[in-house]
Amino acid sequence: MSLNIIGMGKGIPKKQITNGEIANYVDTNDEWITSRTGIQTRHVCTSETLSDLAATASLEALENAKLTVSDIDLFICATIGGELRTPSLSCTTAEKIGLKCTAFDINAACTGFAYALEVAVGYFAMGKAKNILITCGEMMSTQLDWNDRNTCVLFGDGAAACVVTPGDSMRYISLIASPDSTILKIPVGTGNTPFLESKVDEPYLYMQGQDVFKFAVGVCDIEVSKALETLDLAPEEVDWFLLHQANKRIIDGARRKLKQPEEKFPTNIEKYGNLSSVSIPLLLYEMIEEGKVKTGDTIVLSAFGAGMTAGTAVFKWQ
Ligand code: ACO
(Lines give C-alpha, C1' and ligand atoms only; values in the text may rest on other atoms or scores of the structure.)
Protein backbone atom coordinates (compact mmCIF):
# COMPACT_ATOMS: atom_id res chain seq x y z
CA MET A 1 0.00 0.00 0.00
CA SER A 2 1.31 3.47 -0.81
CA LEU A 3 -0.82 6.53 -1.59
CA ASN A 4 -3.28 8.28 -3.88
CA ILE A 5 -3.33 11.99 -4.67
CA ILE A 6 -6.94 13.14 -4.16
CA GLY A 7 -6.75 16.93 -4.58
CA MET A 8 -4.25 19.55 -5.71
CA GLY A 9 -3.86 23.34 -5.48
CA LYS A 10 -1.52 26.15 -6.47
CA GLY A 11 -0.47 29.59 -5.19
CA ILE A 12 1.31 31.90 -7.63
CA PRO A 13 2.31 35.52 -6.93
CA LYS A 14 0.65 38.15 -9.12
CA LYS A 15 3.76 39.86 -10.50
CA GLN A 16 5.13 38.30 -13.66
CA ILE A 17 8.54 39.34 -15.00
CA THR A 18 9.58 38.79 -18.62
CA ASN A 19 13.14 38.12 -19.72
CA GLY A 20 13.19 41.62 -21.17
CA GLU A 21 12.40 43.11 -17.74
CA ILE A 22 15.23 41.09 -16.15
CA ALA A 23 17.54 42.95 -18.52
CA ASN A 24 16.77 46.06 -16.41
CA TYR A 25 18.71 44.47 -13.54
CA VAL A 26 21.55 42.49 -15.17
CA ASP A 27 23.33 42.37 -18.53
CA THR A 28 21.18 39.77 -20.29
CA ASN A 29 18.58 39.46 -23.03
CA ASP A 30 15.53 37.45 -24.01
CA GLU A 31 17.36 35.55 -26.75
CA TRP A 32 20.07 34.22 -24.37
CA ILE A 33 17.64 33.18 -21.63
CA THR A 34 15.09 31.60 -23.99
CA SER A 35 17.63 29.66 -26.05
CA ARG A 36 19.78 28.47 -23.09
CA THR A 37 16.98 27.66 -20.66
CA GLY A 38 13.50 27.74 -22.26
CA ILE A 39 12.35 30.31 -19.66
CA GLN A 40 10.27 33.25 -20.91
CA THR A 41 8.65 34.61 -17.74
CA ARG A 42 8.60 33.95 -13.99
CA HIS A 43 6.43 35.14 -11.09
CA VAL A 44 7.94 36.88 -8.07
CA CYS A 45 6.51 37.91 -4.71
CA THR A 46 5.91 41.61 -4.09
CA SER A 47 3.23 41.97 -1.42
CA GLU A 48 2.74 38.21 -0.86
CA THR A 49 4.63 36.16 1.72
CA LEU A 50 5.65 32.56 1.11
CA SER A 51 3.08 31.32 3.62
CA ASP A 52 0.39 33.32 1.74
CA LEU A 53 1.19 31.30 -1.41
CA ALA A 54 1.40 28.04 0.56
CA ALA A 55 -1.94 28.79 2.26
CA THR A 56 -3.66 29.48 -1.08
CA ALA A 57 -2.32 26.24 -2.57
CA SER A 58 -3.21 24.24 0.56
CA LEU A 59 -6.80 25.50 0.74
CA GLU A 60 -7.40 24.76 -2.95
CA ALA A 61 -5.99 21.24 -2.53
CA LEU A 62 -8.31 20.66 0.44
CA GLU A 63 -11.30 21.96 -1.52
CA ASN A 64 -10.48 19.74 -4.52
CA ALA A 65 -10.11 16.76 -2.16
CA LYS A 66 -13.49 17.69 -0.59
CA LEU A 67 -11.89 17.83 2.84
CA THR A 68 -11.43 20.50 5.50
CA VAL A 69 -8.47 21.31 7.74
CA SER A 70 -9.96 19.18 10.52
CA ASP A 71 -9.57 16.07 8.30
CA ILE A 72 -5.79 16.48 8.00
CA ASP A 73 -3.56 14.43 10.36
CA LEU A 74 -0.16 15.54 9.13
CA PHE A 75 1.13 18.61 7.27
CA ILE A 76 4.45 18.43 5.44
CA CYS A 77 5.96 21.43 3.66
CA ALA A 78 8.82 20.98 1.21
CA THR A 79 10.92 24.13 0.90
CA ILE A 80 14.48 25.36 0.63
CA GLY A 81 13.59 27.96 3.23
CA GLY A 82 10.46 29.43 4.73
CA GLU A 83 9.96 33.14 5.29
CA LEU A 84 11.31 32.59 8.80
CA ARG A 85 14.17 30.35 9.89
CA THR A 86 11.78 29.25 12.59
CA PRO A 87 8.84 28.60 12.95
CA SER A 88 8.78 26.31 9.92
CA LEU A 89 6.83 27.12 6.74
CA SER A 90 4.41 24.35 7.74
CA CYS A 91 3.68 26.12 11.04
CA THR A 92 3.34 29.63 9.56
CA THR A 93 1.04 28.23 6.86
CA ALA A 94 -0.97 26.13 9.34
CA GLU A 95 -1.50 29.25 11.41
CA LYS A 96 -3.00 31.04 8.37
CA ILE A 97 -5.41 28.25 7.41
CA GLY A 98 -6.37 27.17 10.94
CA LEU A 99 -4.77 23.73 10.67
CA LYS A 100 -3.82 22.02 13.95
CA CYS A 101 -1.89 18.78 13.49
CA THR A 102 1.72 17.58 13.37
CA ALA A 103 3.56 19.92 11.00
CA PHE A 104 7.16 20.04 9.80
CA ASP A 105 9.32 21.04 6.81
CA ILE A 106 11.53 18.97 4.55
CA ASN A 107 14.50 20.46 2.73
CA ALA A 108 15.61 18.31 -0.18
CA ALA A 109 15.80 21.34 -2.52
CA CYS A 110 14.19 20.66 -5.90
CA THR A 111 13.58 17.02 -4.89
CA GLY A 112 11.44 18.01 -1.89
CA PHE A 113 8.11 16.81 -3.31
CA ALA A 114 9.41 13.29 -3.85
CA TYR A 115 10.91 13.21 -0.34
CA ALA A 116 7.55 14.34 1.12
CA LEU A 117 5.70 11.58 -0.77
CA GLU A 118 8.05 8.98 0.73
CA VAL A 119 7.52 10.35 4.27
CA ALA A 120 3.74 10.23 3.71
CA VAL A 121 3.97 6.56 2.72
CA GLY A 122 5.85 5.90 5.98
CA TYR A 123 3.15 7.60 8.07
CA PHE A 124 0.45 5.58 6.33
CA ALA A 125 2.43 2.37 6.90
CA MET A 126 2.67 3.17 10.62
CA GLY A 127 -1.08 3.82 10.70
CA LYS A 128 -0.40 7.29 12.09
CA ALA A 129 -2.29 9.30 9.44
CA LYS A 130 -5.30 9.00 7.15
CA ASN A 131 -5.11 12.30 5.24
CA ILE A 132 -1.83 14.13 4.70
CA LEU A 133 -1.40 17.60 3.22
CA ILE A 134 1.85 18.13 1.30
CA THR A 135 2.63 21.72 0.29
CA CYS A 136 5.72 22.76 -1.64
CA GLY A 137 6.57 26.47 -1.44
CA GLU A 138 9.57 28.44 -2.68
CA MET A 139 10.45 32.13 -2.67
CA MET A 140 13.58 31.83 -4.78
CA SER A 141 13.63 35.57 -5.58
CA THR A 142 14.88 36.24 -2.05
CA GLN A 143 17.65 33.64 -2.30
CA LEU A 144 19.32 35.06 -5.40
CA ASP A 145 22.00 37.63 -6.09
CA TRP A 146 20.21 40.01 -8.44
CA ASN A 147 23.61 41.19 -9.71
CA ASP A 148 24.52 37.68 -10.94
CA ARG A 149 23.13 37.03 -14.42
CA ASN A 150 24.25 33.38 -14.24
CA THR A 151 21.61 32.60 -11.64
CA CYS A 152 18.99 35.34 -11.17
CA VAL A 153 17.40 34.69 -14.57
CA LEU A 154 16.62 31.06 -13.78
CA PHE A 155 14.16 30.97 -10.86
CA GLY A 156 10.70 32.06 -9.74
CA ASP A 157 8.35 31.99 -6.72
CA GLY A 158 5.27 29.85 -6.14
CA ALA A 159 3.56 27.05 -4.25
CA ALA A 160 1.74 23.82 -5.07
CA ALA A 161 -0.08 21.41 -2.76
CA CYS A 162 -1.73 18.02 -2.71
CA VAL A 163 -3.75 15.90 -0.29
CA VAL A 164 -2.75 12.24 -0.16
CA THR A 165 -4.53 9.23 1.35
CA PRO A 166 -3.57 5.54 1.57
CA GLY A 167 -3.94 3.82 -1.81
CA ASP A 168 -1.97 2.09 -4.53
CA SER A 169 -1.76 4.76 -7.22
CA MET A 170 1.92 5.41 -6.51
CA ARG A 171 3.64 2.21 -7.66
CA TYR A 172 7.27 3.17 -7.08
CA ILE A 173 9.36 5.70 -5.24
CA SER A 174 13.11 5.95 -4.87
CA LEU A 175 15.20 8.71 -3.32
CA ILE A 176 18.93 9.26 -3.46
CA ALA A 177 21.42 11.73 -2.04
CA SER A 178 24.86 12.11 -3.54
CA PRO A 179 26.36 14.70 -1.19
CA ASP A 180 28.23 17.58 -2.83
CA SER A 181 28.00 21.11 -1.47
CA THR A 182 30.31 22.67 -4.05
CA ILE A 183 28.29 22.78 -7.27
CA LEU A 184 24.97 24.14 -5.94
CA LYS A 185 24.45 25.85 -2.61
CA ILE A 186 22.80 28.70 -0.70
CA PRO A 187 24.84 29.64 2.40
CA VAL A 188 22.95 30.96 5.43
CA GLY A 189 23.77 34.36 6.88
CA THR A 190 25.90 34.43 10.01
CA GLY A 191 24.15 37.23 11.89
CA ASN A 192 26.42 39.66 13.67
CA THR A 193 28.48 37.23 15.70
CA PRO A 194 31.84 38.81 16.64
CA PHE A 195 33.44 35.36 17.05
CA LEU A 196 33.70 33.82 13.55
CA GLU A 197 37.34 33.68 12.46
CA SER A 198 36.86 33.27 8.72
CA LYS A 199 34.65 35.08 6.26
CA VAL A 200 31.69 33.11 4.85
CA ASP A 201 29.94 33.46 1.49
CA GLU A 202 27.02 35.88 1.18
CA PRO A 203 23.62 34.14 1.52
CA TYR A 204 22.87 33.87 -2.20
CA LEU A 205 22.50 30.90 -4.54
CA TYR A 206 25.83 29.74 -6.05
CA MET A 207 25.87 27.29 -8.92
CA GLN A 208 28.34 25.70 -11.29
CA GLY A 209 25.76 25.43 -14.04
CA GLN A 210 27.46 22.91 -16.30
CA ASP A 211 28.21 20.49 -13.43
CA VAL A 212 24.58 20.69 -12.30
CA PHE A 213 23.51 20.14 -15.91
CA LYS A 214 25.59 16.95 -16.21
CA PHE A 215 24.37 15.61 -12.86
CA ALA A 216 20.74 16.28 -13.82
CA VAL A 217 20.77 14.59 -17.22
CA GLY A 218 22.76 11.61 -15.90
CA VAL A 219 20.68 11.02 -12.79
CA CYS A 220 17.37 11.33 -14.68
CA ASP A 221 18.46 8.71 -17.16
CA ILE A 222 19.79 6.26 -14.53
CA GLU A 223 16.98 6.66 -12.01
CA VAL A 224 14.09 6.63 -14.51
CA SER A 225 15.56 3.56 -16.24
CA LYS A 226 15.89 1.84 -12.83
CA ALA A 227 12.24 2.62 -12.02
CA LEU A 228 10.99 1.29 -15.37
CA GLU A 229 13.10 -1.86 -15.03
CA THR A 230 11.78 -2.48 -11.49
CA LEU A 231 8.18 -2.17 -12.70
CA ASP A 232 8.92 -4.12 -15.89
CA LEU A 233 7.73 -1.17 -17.98
CA ALA A 234 9.04 -0.04 -21.36
CA PRO A 235 9.41 3.73 -21.87
CA GLU A 236 6.73 3.39 -24.58
CA GLU A 237 4.23 2.32 -21.88
CA VAL A 238 4.68 5.60 -19.98
CA ASP A 239 2.12 8.29 -20.84
CA TRP A 240 3.83 11.25 -19.15
CA PHE A 241 7.32 12.03 -17.95
CA LEU A 242 7.14 14.98 -15.52
CA LEU A 243 10.73 16.11 -15.01
CA HIS A 244 11.98 18.82 -12.69
CA GLN A 245 11.72 22.10 -14.57
CA ALA A 246 15.27 23.43 -14.21
CA ASN A 247 16.17 23.89 -17.85
CA LYS A 248 14.42 22.89 -21.09
CA ARG A 249 17.76 21.60 -22.41
CA ILE A 250 18.07 19.23 -19.40
CA ILE A 251 14.58 17.90 -20.17
CA ASP A 252 15.49 17.48 -23.86
CA GLY A 253 18.75 15.70 -22.90
CA ALA A 254 16.93 13.22 -20.64
CA ARG A 255 14.23 12.72 -23.29
CA ARG A 256 16.78 11.86 -25.96
CA LYS A 257 18.32 9.23 -23.68
CA LEU A 258 14.88 7.66 -23.14
CA LYS A 259 14.14 7.94 -26.90
CA GLN A 260 10.61 9.18 -26.30
CA PRO A 261 8.60 11.86 -28.13
CA GLU A 262 8.53 15.45 -26.92
CA GLU A 263 4.72 15.38 -26.34
CA LYS A 264 5.28 13.03 -23.38
CA PHE A 265 7.45 15.63 -21.61
CA PRO A 266 5.15 18.53 -20.71
CA THR A 267 6.79 21.71 -19.42
CA ASN A 268 5.84 24.82 -17.50
CA ILE A 269 9.36 26.25 -17.20
CA GLU A 270 8.56 28.78 -19.94
CA LYS A 271 5.93 30.41 -17.65
CA TYR A 272 7.43 29.97 -14.17
CA GLY A 273 11.18 29.40 -14.46
CA ASN A 274 12.69 26.95 -11.99
CA LEU A 275 10.42 26.70 -8.93
CA SER A 276 12.55 24.13 -7.10
CA SER A 277 10.32 21.69 -5.16
CA VAL A 278 7.18 23.31 -6.61
CA SER A 279 7.94 22.57 -10.29
CA ILE A 280 6.68 18.98 -10.51
CA PRO A 281 3.51 19.24 -8.37
CA LEU A 282 2.56 22.47 -10.19
CA LEU A 283 3.01 20.74 -13.54
CA LEU A 284 0.87 17.82 -12.37
CA TYR A 285 -1.79 20.25 -11.09
CA GLU A 286 -1.91 22.01 -14.48
CA MET A 287 -2.16 18.76 -16.40
CA ILE A 288 -5.08 17.65 -14.24
CA GLU A 289 -6.77 21.05 -14.65
CA GLU A 290 -6.33 20.85 -18.42
CA GLY A 291 -7.85 17.35 -18.47
CA LYS A 292 -4.68 15.80 -19.87
CA VAL A 293 -4.15 13.21 -17.13
CA LYS A 294 -6.61 10.31 -17.48
CA THR A 295 -7.43 7.45 -15.13
CA GLY A 296 -5.03 4.59 -15.83
CA ASP A 297 -2.24 6.83 -17.18
CA THR A 298 1.30 5.90 -16.21
CA ILE A 299 3.16 8.97 -14.97
CA VAL A 300 6.85 9.14 -14.11
CA LEU A 301 8.03 11.98 -11.84
CA SER A 302 11.76 12.66 -11.87
CA ALA A 303 13.34 15.34 -9.69
CA PHE A 304 16.92 16.39 -8.96
CA GLY A 305 18.38 19.20 -6.95
CA ALA A 306 20.88 20.57 -4.47
CA GLY A 307 22.40 18.10 -2.08
CA MET A 308 22.80 16.67 -4.63
CA THR A 309 19.51 14.81 -4.33
CA ALA A 310 17.23 12.98 -6.73
CA GLY A 311 13.85 11.32 -6.47
CA THR A 312 11.76 9.24 -8.84
CA ALA A 313 8.13 8.18 -8.47
CA VAL A 314 5.79 6.28 -10.78
CA PHE A 315 2.00 6.58 -10.61
CA LYS A 316 -0.75 4.56 -12.23
CA TRP A 317 -3.24 7.41 -12.06
CA GLN A 318 -6.55 6.85 -10.21
N1 ACO B 1 22.59 36.37 -20.07
C2 ACO B 1 23.55 36.51 -20.98
N3 ACO B 1 24.71 35.83 -20.90
C4 ACO B 1 24.89 35.00 -19.87
C5 ACO B 1 23.90 34.81 -18.89
C6 ACO B 1 22.71 35.55 -19.02
N7 ACO B 1 21.70 35.44 -18.13
N8 ACO B 1 24.35 33.91 -17.98
C9 ACO B 1 25.57 33.54 -18.39
N10 ACO B 1 25.90 34.19 -19.53
C11 ACO B 1 27.13 34.10 -20.29
C12 ACO B 1 28.28 33.69 -19.44
O13 ACO B 1 28.86 34.80 -18.79
C14 ACO B 1 29.22 33.11 -20.48
O15 ACO B 1 29.89 34.16 -21.12
P16 ACO B 1 31.45 34.03 -21.54
O17 ACO B 1 31.48 32.89 -22.52
O18 ACO B 1 31.74 35.36 -22.13
O19 ACO B 1 32.15 33.72 -20.27
C20 ACO B 1 28.28 32.47 -21.48
O21 ACO B 1 27.00 33.06 -21.26
C22 ACO B 1 28.18 30.97 -21.34
O23 ACO B 1 27.98 30.65 -19.96
P24 ACO B 1 27.79 29.18 -19.51
O25 ACO B 1 27.63 29.13 -18.03
O26 ACO B 1 28.84 28.33 -20.13
O27 ACO B 1 26.39 28.83 -20.21
P28 ACO B 1 25.68 27.46 -20.33
O29 ACO B 1 25.42 27.18 -21.73
O30 ACO B 1 26.31 26.40 -19.48
O31 ACO B 1 24.28 27.80 -19.66
C32 ACO B 1 23.08 27.45 -17.61
C33 ACO B 1 24.20 28.18 -18.27
C34 ACO B 1 21.78 27.85 -18.30
C35 ACO B 1 23.00 27.81 -16.15
C36 ACO B 1 23.33 25.94 -17.80
O37 ACO B 1 24.62 25.59 -17.39
C38 ACO B 1 22.35 25.12 -17.07
O39 ACO B 1 21.19 25.04 -17.41
N40 ACO B 1 22.80 24.41 -16.05
C41 ACO B 1 21.91 23.57 -15.27
C42 ACO B 1 21.72 24.18 -14.00
C43 ACO B 1 20.31 24.56 -13.70
O44 ACO B 1 19.40 24.53 -14.49
N45 ACO B 1 20.19 24.94 -12.48
C46 ACO B 1 18.97 25.36 -11.95
C47 ACO B 1 19.00 25.17 -10.49
S48 ACO B 1 19.49 23.66 -10.00
C49 ACO B 1 18.25 22.70 -9.91
O50 ACO B 1 17.13 23.03 -10.05
C51 ACO B 1 18.66 21.33 -9.62
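Only a predicted model underlies this, so the values are computations on that prediction, with no experimental measurement involved.

Q: Pulling in residues and values, what's your account of the overall build of the protein?
A: Each helix and strand in the protein was counted, giving 10 helices and 13 strands. On C-alpha atoms alone, the protein measures out to a radius of gyration of 19 Å, which is about the 20 Å that the 2.2 N^0.38 rule sets for 318 residues. Within the protein, buried positions represent 53% of all 318 residues. About 14000 Å² of surface is accessible on the protein, with carbon and sulfur atoms providing 51% of the total.

Q: Could you give me a rundown of the side chain of Lys264, with the residues and numbers involved?
A: Inspection of the secondary structure puts Lys264 in the loop between α8 (248–258) and α9 (269–272). Summary of buried charges: Lys264 has no salt-bridge partner, and the nearest side chain of opposite charge, Asp239, is 6.5 Å away. A distance of 2.7 Å separates polar atoms of two side chains, one belonging to Lys264 and the other to Gln260. Setting aside residues up to four positions removed in sequence, Lys264 forms contacts with Pro235, Glu236, Val238, Asp239, Trp240 and Phe241.

Q: Account for helix α2 (residues 30–37), naming residues and giving values.
A: Two or three places before Glu31, at the opening of α2, Asn29 has a side-chain oxygen 3.2 Å from that residue's backbone nitrogen. Phi turns positive, to about 90 degrees, at Gly38, one or two residues after α2.

Q: Tell me about the site of the ligand, residues and numbers included.
A: As a structural note, the neighbourhood of the ligand is formed by 24 residues, with Thr28, Arg36, Gln210, Asn247 and Asn274 the closest of them. The contact in question runs from a nitrogen atom of the ligand to an N or O atom on the side chain of Thr28, over 2.6 Å. Between the ligand and Gln210, the relevant distance is 2.7 Å, taken from an oxygen atom to a side-chain nitrogen or oxygen of the residue. Relative to its free-state accessible area of 1000 Å², the ligand is covered by the protein chains to the extent of 76%. At a threshold of 2 Å from the grid points, most atoms of the ligand map onto the largest pocket. Only α2, α6 (149–152), α7 (209–230), α8 and β12 (298–305) provide two or more residues apiece to the shell around the ligand. With four residues, the single largest contributor to the shell around the ligand is α7. Among the residues making up the shell around the ligand, the classes are represented as 11 nonpolar, nine polar and four charged.

Q: How would you summarise the environment of Ile12 if you had to cite specific residues and measurements?
A: Of note, Ile12 is situated in the loop between β1 (2–11) and β2 (15–18). Leaving out residues up to four positions away in the same chain, Ile12 has contacts with His43, Leu53, Gly158, Ala159, Tyr272 and Leu282.

Procedures and definitions
- Residues numbered from 1 in each chain as written.
- Predicted model: local features only at pLDDT ≥ 70, side-chain atom pairs only at ≥ 80, totals over all residues.
- Heavy atoms only, no water.
- Helix = DSSP H or I, 4+ residues; strand = E, 2+ residues; numbered from the N terminus.
- Rg over C-alpha atoms; globule rule 2.2 N^0.38 Å.
- Buried < 20%, exposed > 50% of the residue type's maximum accessible area, 1.4 Å probe, protein only.
- Areas by Shrake-Rupley, 256 points an atom, 1.4 Å probe, with all protein chains shown as cover.
- Lys, Arg positive; Asp, Glu negative; His and termini not counted.
- Salt bridge = Lys/Arg side-chain N within 4 Å of Asp/Glu carboxyl O.
- Polar contact = N/O pair within 3.5 Å; in protein donor to acceptor, adjacent residues only side chain to side chain.
- Contact = heavy atoms within 4.5 Å.
- Near = heavy atom within 4 Å.
- 1 Å grid on protein atoms, 1.4 Å probe; cavity = no way out; pocket = protein on both sides within 12 Å on 5 of 7 lines; lining within 4 Å.
- Sits in = over half its atoms within 2 Å of the grid points.
- Nonpolar A, V, L, I, M, F, W, Y, C, P; charged D, E, K, R; others polar.

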